[in-house]
Amino acid sequence: QVQLVESGGAVVQPGGSLRLSCEVSGFTLDHFGIRWFRQAPGKEREGVSCLSATDGSATYEDSVKGRFTVSRNNDLTTAYLQMNELKPEDTAVYYCATDPGFYKCEQLYFFTNFAYWGQGTQVTVSS
């Protein structure tokens, strides 16, 4: 029943912006938090940002802090990743993920795997 679907990936020039969407079903975003990941060719998957279910608060990796912003819609059915001032090193497949036990970003220390994943969306930053 739980599903996540990413969309919004595209090819953009350095300095450009994109907004990725993660549409969820089977739950609402005031119950399960959202973790955004990305994976570039030849590199390990890395966490990008976190969105808490408790109050909508967020955390970010240092490499994207000040450029990326996470949010959720009023119906609590879509999580967003707004990406500004994109760099070539941001090129990757971006995924959203959740887990029934994940509800606030302070819990990330205890999570190495997530139960539910979207299919991913490709972001390419190139001139």
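See the structure printed just above.
Cut-offs used in this document
Residues numbered from 1 in each chain as written. Predicted model: local features only at pLDDT ≥ 70, side-chain atom pairs only at ≥ 80, totals over all residues. Heavy atoms only, no water. Helix = DSSP H or I, 4+ residues; strand = E, 2+ residues; numbered from the N terminus. Rg over C-alpha atoms; globule rule 2.2 N^0.38 Å. Contact = heavy atoms within 4.5 Å. Lys, Arg positive; Asp, Glu negative; His and termini not counted. Charge placed at Lys NZ, Arg CZ, Asp CG, Glu CD. Core = buried A, V, L, I, M, F, W, Y, C linked by side-chain atoms within 4.5 Å. Buried < 20%, exposed > 50% of the residue type's maximum accessible area, 1.4 Å probe, protein only. Phe/Tyr/Trp six-rings, centres within 6.5 Å; stacked < 30°, edge-to-face > 60°. Polar contact = N/O pair within 3.5 Å; in protein donor to acceptor, adjacent residues only side chain to side chain. Disulfide = S-S within 2.5 Å.

**Student:** Just to check I follow, could you spell out the overall build of the chain for this structure?
**Tutor:** Check the secondary structure of the chain and you find 0 helices and 11 strands. The C-alpha radius of gyration of the chain comes to 14 Å, within 12% of the 14 Å expected for a compact globule of 127 residues. Its C-alpha atoms give the chain principal-axis dimensions of roughly 40 × 30 × 25 Å. Taking the intrachain contacts of the chain between residues at least 6 apart in sequence as the baseline, contacts between residues at least 24 apart amount to 58%. The distance from the centre of the 10 positive side-chain charges to the centre of the 14 negative ones in the chain is 4 Å.

**Student:** When you look at the nonpolar core in this model, what are you seeing that I'm missing?
**Tutor:** Most often, soluble globular proteins have nonpolar side chains that are buried together. Grouped together as the largest cluster of nonpolar side chains are 27 residues, with contacts concentrated most on C22, I34, W36, F68, L81, M83 and Y94. F37, C50, F111 and F114 belong to the second-largest nonpolar core, a separate cluster that totals 8 residues.

**Student:** What exactly am I supposed to notice about the packing of aromatic side chains here?
**Tutor:** Aromatic ring pairs are defined here through the distance separating the ring centres and the angle between the ring planes. Applying the stated criterion across every chain, the model contains 9 aromatic pairs. Measuring from ring centre to ring centre gives 5.6 Å for F37 and F114, while their planes differ by 70°; the resulting arrangement is edge-to-face. Pair noted here: F37 is in strand β4 (residues 34–39) and F114 is in the loop between β9 (92–98) and β10 (116–117), with a separation of 77 residues, a long-range link. The class for F37 is buried, based on a relative accessible area of 10%. Between F102 and F114, the ring centres sit 5.4 Å apart and the planes meet at 85°, which makes this aromatic pair edge-to-face. Of this pair, F102 sits in the loop between β9 and β10 while F114 is found in the loop between β9 and β10, placing the two residues 12 residues apart along the sequence. For the pair F102 and F114, a shared accessibility class is recorded, and that class is buried. An aromatic cluster of at least three residues, connected via ring pairs, comprises F37, Y95, F102, F111, F114 and W117.

**Student:** For this particular structure, what's the right way to read the side chain of R35?
**Tutor:** Inspection of the secondary structure puts R35 in strand β4. Judged by relative accessible area, R35 falls into the buried class, the value being 11%. For R35, the side chain forms a polar contact with the main-chain oxygen of S49, separated by 3.3 Å. In contact with R35, not counting residues within four places along its chain, are G47, V48, S49, C50, E61, Y95, C96, A97, F102, L108 and F114.

**Student:** What is the right way to look at the side chain of S21 in this model?
**Tutor:** Looking at the element boundaries, S21 is found in strand β3 (residues 18–25). The class for S21 is buried, based on a relative accessible area of 12%. Among all residues touching S21, those that are not within four sequence positions of it are V5, E6, S7, W36, T78, A79 and Y80.

**Student:** So what exactly am I meant to see when it comes to the state of the cysteines here?
**Tutor:** By definition, a disulfide links the sulfur atoms of two cysteines through a covalent bond. Scanning the entire structure with this criterion turns up 2 disulfides. Disulfide partner of C22: C96, at an S-S distance of 2.1 Å. Of note, the bridge from C22 to C96 carries an S-S torsion of about 80° and is right-handed in sense. You can see C22 sitting in strand β3 and its partner C96 sitting in strand β9, a full 74 residues away along the chain.

**Student:** How do you make sense of unusual backbone geometry when you look at a structure like this?
**Tutor:** Note: most residues except glycine have negative phi, and most peptide bonds are trans. In this model, L76 sits at a positive phi of 60°, which is unusual for a non-glycine residue. By secondary structure assignment, the location of L76 is in the loop between β7 (68–72) and β8 (78–83). One non-glycine residue, E85, lies in positive phi territory at about 50°. Tracing the backbone through its elements, the reader meets E85 in the loop between β8 and β9.

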